[in-house]
Amino acid sequence: MIQITMPLGFLGTVYREIRQALVDMGEMFDLLHQPAEITDAPDAKPLKVTGGAILFDKVDFAYSPERPILRNVTLDVAAGQKVALVGPSGSGKSTIGRLLFRFYEITGGAITIDGQDIRKVTQESLHEAIGVVPQDTVLFNDTIRYNIAYGRAEASQAEIEAAAKAAKIHDFVMSLPEGYDTQVGERGLKLSGGEKQRVGIARTLLKNPPILLLDEATSALDTQTERDIQESLDAMGKGRTVIVIAHRLSTIADADRIVVLEKGVIVEEGSHDALLSRGGRYAAMWAVQKAEEEAEEAASGPDAAE
Ligand code: ATP
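Each value, and the rule that gives it
Residues numbered from 1 in each chain as written. Predicted model: local features only at pLDDT ≥ 70, side-chain atom pairs only at ≥ 80, totals over all residues. Heavy atoms only, no water. Phe/Tyr/Trp six-rings, centres within 6.5 Å; stacked < 30°, edge-to-face > 60°. Helix = DSSP H or I, 4+ residues; strand = E, 2+ residues; numbered from the N terminus. Buried < 20%, exposed > 50% of the residue type's maximum accessible area, 1.4 Å probe, protein only. Pairing = 2+ DSSP bridges. Contact = heavy atoms within 4.5 Å. Axes fitted to C-alpha atoms, helices over the stretch in contact; angles between N-to-C directions. Expected span 1.5 Å × (residues − 1). Arc of directions from axis to C-beta. Near = heavy atom within 4 Å. Polar contact = N/O pair within 3.5 Å; in protein donor to acceptor, adjacent residues only side chain to side chain. Areas by Shrake-Rupley, 256 points an atom, 1.4 Å probe, with all protein chains shown as cover. Nonpolar A, V, L, I, M, F, W, Y, C, P; charged D, E, K, R; others polar. Patch = residues over 30% accessible without salt bridge, like charges linked within 9 Å, V, L, I, M, F, W, Y side chains within 5 Å. Salt bridge = Lys/Arg side-chain N within 4 Å of Asp/Glu carboxyl O. Lys, Arg positive; Asp, Glu negative; His and termini not counted. Charge placed at Lys NZ, Arg CZ, Asp CG, Glu CD. Parallel < 35°, antiparallel > 145°, perpendicular 65-115°, else oblique. Left-handed = near helix turned anticlockwise from the far one by under 90°.

> Can you explain the packing of aromatic side chains? Please cite residues and give values.
Under the defined criterion, the tally for this structure stands at 8 aromatic pairs. Judged by centre distance (5.7 Å) and plane angle (55 degrees), the ring pair of Phe 61 and Tyr 104 falls under tilted. Here the residue Phe 61 occupies a position in strand S1 (residues 54–64), and Tyr 104 occupies one in the loop between helix H4 (93–100) and strand S4 (108–113), the gap between them amounting to 43 residues. The two residues Phe 61 and Tyr 104 agree in class, both being buried.

> Go over the sheet that holds S4 with me, naming the residues and quoting the values.
Across the sheet, 4 strands lie side by side as S2-S1-S4-S5; this open sheet has antiparallel pairing. Looking at strand neighbours, the two that pair on one side only are strand S2 (67–77) and strand S5 (116–117), the edges of this open sheet. By the bridge criterion, 2 bridges tie S4 to S5 in an arrangement that is antiparallel. Counted as the bridge partner of Ile 113 is Gln 116 from S5. Against the sheet, H4 touches S1, S2 and S4, its axis set at about 110 degrees to S1.

> Quick one: what's the story with helix H10 (residues 223–237), residue by residue and with numbers?
With 15 residues, H10 should reach 21 Å at 1.5 Å per residue; the first-to-last C-alpha distance of 21 Å fits that figure. Among all positions in H10, only Ile 229, Gln 230, Ser 232, Leu 233, Met 236 and Gly 237 are buried. Down the axis of H10, the buried side of the element spans an arc of 165 degrees, and every buried residue falls inside it. Exposed and facing more than 90 degrees away from the buried side of H10 are Arg 227 and Ala 235. On the buried face of H10, the contacting elements are strand S6 (130–133), helix H7 (157–166), helix H9 (193–207), strand S9 (211–215) and strand S10 (241–245).

> Please give an account of the site of the ligand that cites residues and values.
Near the ligand there are 15 residues, and of these Arg 67, Ser 89, Lys 93, Ser 94 and Thr 95 occur at the shortest range. The contact in question runs from an oxygen atom of the ligand to an N or O atom on the side chain of Ser 89, over 2.6 Å. In the model, an oxygen atom of the ligand is placed 2.8 Å from a nitrogen or oxygen of the Lys 93 side chain. For the ligand, whose accessible area on its own is 640 Å², the fraction buried by protein is 71%. When contributions to the shell around the ligand are tallied by element, the ones reaching two or more residues are S2 and H4. Residue classes in the shell around the ligand are distributed as 4 nonpolar, 8 polar and 3 charged.

> Let's hear about a negative patch on the surface: which residues, and what values?
A cluster of acidic side chains, namely Glu 292, Glu 294, Glu 296 and Glu 297, defines a negative patch on the protein surface. Mapped onto the elements, Glu 292 comes out in helix H12 (residues 281–300). Residue classification places Glu 292 among the partly exposed positions, given a relative accessible area of 46%.

> Describe unusual backbone geometry, naming the residues involved and giving the relevant values.
Of note, the phi angle at Asn 72 is positive, near 55 degrees, even though the residue is not glycine. Here Asn 72 falls in the exposed class, since its relative accessible area comes to 51%. Of note, the phi angle at Lys 263 is positive, near 45 degrees, even though the residue is not glycine. Residue position: Lys 263 is located in the loop between strand S11 (257–262) and strand S12 (265–270). When its relative accessible area of 70% is taken as the criterion, Lys 263 is described as exposed.

> Could you give me a rundown of the sheet that holds S11, with the residues and numbers involved?
Taken in spatial order, the 6 strands line up as S6-S9-S10-S3-S11-S12 in an open sheet, and their pairing is mixed. Looking at strand neighbours, the two that pair on one side only are S6 and S12, the edges of this open sheet. On average, each strand axis in the sheet is tilted by 20 degrees relative to the strand beside it, whichever way the strands run. Bridge analysis of S11 against S12 gives 5 bridges, and the strand direction is antiparallel.

> Break down the pairing of strand S3 (residues 82–86) for me, with residues and values.
Here S3 lies mainly inside the structure; 5 of its 5 residues are buried. By the alternation rule, side chains of S3 split into Lys 82, Ala 84 and Val 86 and Val 83 and Leu 85, which are all buried. Where S3 lies against S10, 4 bridges are found, and the strand directions are parallel. Residue pairing for S10: Val 83 is matched across the bridge by Ile 243. Inspection of the sheet shows S3 paired to S11 by 4 bridges, in the parallel sense. Each residue of the ladder has a partner; that of Val 86, found in S11, is Val 260.

> Lay out the packing of H7 against H9 in plain terms, naming residues and giving numbers.
For any two helices packed against each other, one specifies the crossing angle of their axes together with the interaxial distance. Put simply, H7 and H9 touch, their axes get as near as 8 Å, and they point 130 degrees apart. Here H9 runs oblique to H7, going by the angle between their axes. In the packing of H7 onto H9, the handedness of the crossing is right-handed. Between H7 and H9, the residues in contact are Glu 159, Ile 160, Ala 163, Ala 164 and Ala 166 and Ala 202, Leu 205 and Leu 206, respectively. In terms of residue class, the contact of H7 with H9 is made up of 7 nonpolar, no polar and 1 charged.

Following this line, the structure appears as structure tokens:
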């Protein structure tokens, strides 16, 4: 009985909220001890990642039948490429990320990784292949070591430190009296947004996935922290296939391809330069963001009024 009613009540809400935040599947089920709604096919095989090429082939999707969300989305990401998804709020960017994890079943088309339909591989192997740096990294009430090693409990201290160094959080951890044994989370040390994100980066580096899904933070970090984090993310992306769900266009101008979504349909795609010279939706979004950034800079500049 409990098993039937719990997901419909409080746990159901928590479950959906966490899923919404694109949190790593393993984390989610450990937290909630809930079985996945989506089950492996009886003959599911482990995903074999050869290069990490991702294909959304004419994908249709709806959270509920009466309201289609994605329509005929074809997204071809070659192994090692960085593709950015941009578009207005509600256009379907995060949904594409959730579908790559197979959090939901698509209603038409197919999603493949290195030619293997994700419905035909085990979810465990699928989730292992994709690392997520979410907007807001979930911290557990445990040590900073546990939080970095989460998902790879067998990681050695040397591996944890190497990941922390690459994520540029090692020096901060060493400055704490209890170092890696410092308790963090609700009942321990509260980390800043930037520090939390670095823990998330270190956690993902330790997992070493061939595919990365970056859900760019909308919440404001200060400019320097944001630049530092961006550098760490860029370094992490080298040699991996990366999909970035982007809110600020300035961070993705170097992407191999930028895909513009509107109401669940791809309306434009190309490189930053190609899209700018095309003078369409992306160029308009870019102009708006530039003007906003310039206005912000003017307001916070040395001569700005208090
Ligand atoms: P944002 O930039 O605001 O994060 P987005 O482009 O990532 O937006 P999605 O989160 O993918 O947009 O949402 C696409 C559409 O799907 C929206 O209309 C949203 O209301 C709807 N949607 C998202 N999650 C759910 C859900 N769990 N159940 C039903 N509808 C949903």
